[in-house]
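Residue-level structure breakdown
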Amino acid sequence: MSMSNEYQPINCDDYDNLEATCQQKLTLTVELRDGEVVVGTASDMISRKSVEYLVIEASGKTRELRLDHILSFSHPEIGKVVVSES
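Notes on the structure in this doc start here. (Residues numbered from 1 in each chain as written. Predicted model: local features only at pLDDT ≥ 70, side-chain atom pairs only at ≥ 80, totals over all residues. Heavy atoms only, no water.)

This part is about the pairing of strand β3 (residues 51–58). Counting buried residues in β3 gives six out of eight residues, a clear majority hidden from the surface. Where strand β2 (residues 37–48) folds back on β3, the antiparallel hairpin that results is connected by two residues, among which lysine 49 adopts a positive phi of roughly 55°. Of the pairings in the sheet, the one linking β3 to strand β4 (residues 61–66) comprises six bridges and is antiparallel in character. Across the sheet, residue glutamate 57 finds its bridge partner in β4, namely threonine 62. The hairpin formed by β3 and β4 contains two residues between the paired strands, and serine 59 there has a positive phi angle of roughly 55°. (Buried < 20%, exposed > 50% of the residue type's maximum accessible area, 1.4 Å probe, protein only. Helix = DSSP H or I, 4+ residues; strand = E, 2+ residues; numbered from the N terminus. Pairing = 2+ DSSP bridges.)

This is the structure we're talking about:
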């Protein structure tokens, strides 16, 4: 997957899993496709201009992570989920 500006929707099951982590306010370890790792509490899923984001509270700051930039996310209760495009 390229890091282009064109949004690539993720697999529906992966989206549903992320949505569930927000409902449960789970602390996730999120690995981005550029190699960055973000650890924080999943709080919401938002869509802006046809691009979907995971809102995560990390180190006292709110971050919006583009779903198609997420390589994987993990939590002890759910294990590691590798995100795939739809």
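In this section: the sheet that holds β4. Strand order in the open sheet formed by six strands is β4-β3-β2-β1-β5-β6, with antiparallel pairing between adjacent strands. Because the sheet does not close on itself, it has two edges, and the strands there are β4 and β6 (79–82). Pairwise comparison of adjacent strand axes, ignoring direction, gives a mean angle of 40° for this sheet. Relative to β3, β2 runs antiparallel, the two sharing seven bridges. Bridge pairing links alanine 42 to isoleucine 56 in β3. Helix α1 (residues 12–23) contacts β1 (27–32), β2, β3, β5 (70–75) and β6 of the sheet and is inclined by roughly 110° relative to β2. (Axes fitted to C-alpha atoms, helices over the stretch in contact; angles between N-to-C directions. Contact = heavy atoms within 4.5 Å.)

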